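Breakdown of the fold
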Amino acid sequence: SIIALGDCSRIIGLSPPLPQTAQVAAQQGAYVARLLNRCYDWSVSGPPRLPQARGPEDADAAIAQLARARGQTEAPGFRFLDLGRLAYLGKANAVAEISLGSTAVSHSAGRAAYVLWRSVYVLKQVSLRNRILVLFDYARTRFFGRDLTDF
């Protein structure tokens, strides 16, 4: 089986196509990881299915049994949840459109959107160490300016 995901993939039959953003790629990656962790069989034609249980001592049996109890023997289709868009414009300005699915929650521009953009960037870091390093870099740049000697 071939799995295509990311901001350059397209789901056939889906209209309109998904936006080509990292938000889509991240949600698709989480979706495929969830299916792989639940041991869905990708070799069947059509949607992936849970394999037959090999016995109670099977390490994957607990996850598969839970999915079967919930009626998820066939993998659910991918569903994109649009959370909005953020764009940095430069000089401490940004634009933000926050939404939940097709419902727009907020629109903002300027300094408030910039603070939101930076906050989301810090929260999207994988580890606490990276979050601290990014915050330290923000503070250092604020107090001492950008280091232009590398250019």
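Structure: see above.
As the structure is a prediction and not an experimental result, all values here were calculated from the model.

Here Arg38 lies in the loop between α1 (22–37) and α2 (61–69). Judged by its relative accessible area of 24%, Arg38 falls in the partly exposed class. C-alpha of Arg38 to C-alpha of Gln65: the two residues are 27 residues apart in sequence and 9.9 Å apart in space.

Rolled over the atoms, a probe sized like a water molecule indicates the empty space that remains. Here the largest pocket defines a volume of roughly 590 Å³. In terms of lining residues, the largest pocket is bounded by 18 residues, among which Gln23, Gly84, Leu86, Val120 and Lys124 are the most central. Elements supplying a minimum of two residues to the lining of the largest pocket: α1, β1 (84–90) and α3 (111–123). Taken together, the residues of the lining of the largest pocket break down into eleven nonpolar, four polar and three charged.

With that settled, the discussion passes to the sheet that holds strand β3 (residues 103–110). An order of β1-β2-β3 is seen for the three strands of this open sheet, with the pairing classed as antiparallel. Of all the strands in the sheet, the pair left with one neighbour each is β1 and β3. Averaged over neighbouring strand pairs, the angle between their axes works out to 5° when direction is ignored. Pairing analysis gives seven bridges linking strand β2 (residues 93–100) to β3, with the strands arranged antiparallel. Looking at the pairing, Ala94 lines up with Gly110 of β3. Strands in contact with α3 are β1, β2 and β3; relative to β2, the strand with the most contacts, it is inclined by about 70°.

What counts and what doesn't
- Residues numbered from 1 in each chain as written.
- Predicted model: local features only at pLDDT ≥ 70, side-chain atom pairs only at ≥ 80, totals over all residues.
- Heavy atoms only, no water.
- Helix = DSSP H or I, 4+ residues; strand = E, 2+ residues; numbered from the N terminus.
- Buried < 20%, exposed > 50% of the residue type's maximum accessible area, 1.4 Å probe, protein only.
- 1 Å grid on protein atoms, 1.4 Å probe; cavity = no way out; pocket = protein on both sides within 12 Å on 5 of 7 lines; lining within 4 Å.
- Points joined across faces, edges and corners; volume = space filled by probe spheres on them.
- Nonpolar A, V, L, I, M, F, W, Y, C, P; charged D, E, K, R; others polar.
- Pairing = 2+ DSSP bridges.
- Axes fitted to C-alpha atoms, helices over the stretch in contact; angles between N-to-C directions.
- Contact = heavy atoms within 4.5 Å.

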